[in-house]
Amino acid sequence: MKPEKALLWTLAAINFIHIVDFMILMPLGPQLMRLFEISPSEFSLLVSSYTFSAGISSFFGAFFLDRFDRKKILLWVYVGFTIGTLGCALSPNYPILLAARVISGVFGGLTSALILAIIGDVIPYEKRGSAMGLVMSAFSFASVMGVPLGLFLASLSDWHTPFYILGGLSILALGMIVKFIPNIAGHLNQEIQRPSPIQVISRVTGNSNQMRAITLSIMMMFGQFMIIPFLSPFNVANVGFSEMQLTYIYIAGGGFTIFTSPWVGKLSDKYGKLKVFTIFMVLNLVPIGIITHLGVTPIPFVLMITTMFFVTSNGRYVPAAAIITGTAKPENRGSFLSFNSAVQQIAAGFASLIAGLIIGENELGQLTNFNIVGYLAIFFSILCIPLARRVKVIS
């Protein structure tokens, strides 16, 4: 295998493990809530603890990761991530699992930033799009294969099993980093005046157009992450799914987005980002409204609605990412996107936390007030449409 291909496959493997590690907790919600006897708000804290810590670390990471050889810092960061993942596998109770999720999030956020930095350093601009496509395809593969397989194994044994497997894969990935990623230190020889966190924040907050883009990111996270963490617990407690049947949701939803994501990208280039964003945002309101009001429902109908939710959620994100990216000039795009990514993670954490405070549980073990969460998600989603119209693309 060519060195460049080996490097990209290594980064894709790292990305796959990191994404499955983040995503697997949400469909494990029914098991964890039952075994640890925790409330919906305590479960939402488990989910949001990862996004909060990842958001904070990815922001501050932008200011110290550039001071080290990429390979060496990736190796140390991934050791931390592996320890956090194995900590999840070995957690005997809720408080220790919560602490392990924070550790996983801190190092997971830094891993994401390093993957993008390595691609930017090693892959020439004219080949960078296809390189990004290969590494980022790990998200769809994680949805189609990683999460369903993890859920299947958890249903055969217990919730610890997926984390043991992820820990083992992380150790293999460490070996791949050592073997296939070269030392990358060219950036250390460049005399660059790196902005401080305060300077990055003041640049963004002083730019009204970028603040509108940041607000759009926040509203989009609130429109989605009030729903996503409770999709699995609600379908088990209220709709009639078994824990093993949850895998169908992720296989169908992830499978369709593999094909619809590039299609939406082409539509956005052909007909305009704003128009495609608006259409998919409006379409996304339909599954949100239906999902949050379901009672006991036949599985095929639920899969049709949840797949529509996955496809339209992805469909509004593709053009939105292009719009938001275009609000910064090339010379400060990296620091702006780093800040935006951190804000997105933290907003996702708050959205999950707020939803957890609203959702309750009745004496039958069913979740209550999910309809109210749905109304709030629809409200925040609708706000995105006029907001996106006010964001100006400058490059």
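What comes next concerns the included structure. In this text, all values refer to a predicted model and were calculated from it rather than measured experimentally.

## Concerning the side chain of Asn284
No. 1: Looking at where Asn284 falls in the secondary structure, it is placed in helix α12 (residues 273–291).
No. 2: Residue classification places Asn284 among the buried positions, given a relative accessible area of 0%.
No. 3: A polar side-chain atom of Asn284 sits 2.7 Å from a polar atom in the side chain of Thr312.
No. 4: Excluding its chain neighbours within four sequence positions, the residues that come into contact with Asn284 are Gln224, Phe309, Thr312, Ser313 and Arg316.

## Things to note about the environment of Ala347
No. 1: Tracing the chain through its elements places Ala347 in helix α14 (residues 333–358).
No. 2: Accessibility expressed as a relative area gives 5% for Ala347, which makes it buried.
No. 3: C-alpha of Ala347 to C-alpha of Phe225: the two residues are 122 residues apart in sequence and 8.6 Å apart in space.
No. 4: Ignoring sequence-local partners within four residues, the contact set of Ala347 consists of Ile218, Met221 and Phe222.

## Details of the nonpolar core
No. 1: In terms of nonpolar packing, the biggest core is built from 111 residues, with Leu11, Leu46 and Phe163 touching the most fellow members.
No. 2: When residues of this core are assigned to their parent elements, the largest contribution, 10 residues, is made by helix α1 (residues 3–23).
No. 3: Beyond its immediate chain neighbours, meaning those up to four positions away, Leu46 contacts Leu25, Leu32, Ile38, Tyr94, Leu97, Leu98 and Arg101.

## Remarks on the pattern of salt bridges
No. 1: All chains considered together, the criterion is met by three salt bridges.
No. 2: With a closest N to O distance of 3.4 Å, Asp21 and Arg101 form a salt bridge. Taken as a pair, Asp21 in helix α1 and Arg101 in helix α5 (residues 94–122) lie far apart in primary sequence, 80 residues in all.
No. 3: A residue is classified by how much of its surface remains accessible, and Asp21, at 0% relative accessible area, is buried.
No. 4: The class for Arg101 is buried, based on a relative accessible area of 1%.
No. 5: In this structure, Lys273 and Asp269 form a salt bridge, with 2.8 Å as the shortest nitrogen-oxygen distance.

About the criteria used
- Residues numbered from 1 in each chain as written.
- Predicted model: local features only at pLDDT ≥ 70, side-chain atom pairs only at ≥ 80, totals over all residues.
- Heavy atoms only, no water.
- Helix = DSSP H or I, 4+ residues; strand = E, 2+ residues; numbered from the N terminus.
- Buried < 20%, exposed > 50% of the residue type's maximum accessible area, 1.4 Å probe, protein only.
- Polar contact = N/O pair within 3.5 Å; in protein donor to acceptor, adjacent residues only side chain to side chain.
- Contact = heavy atoms within 4.5 Å.
- Core = buried A, V, L, I, M, F, W, Y, C linked by side-chain atoms within 4.5 Å.
- Salt bridge = Lys/Arg side-chain N within 4 Å of Asp/Glu carboxyl O.

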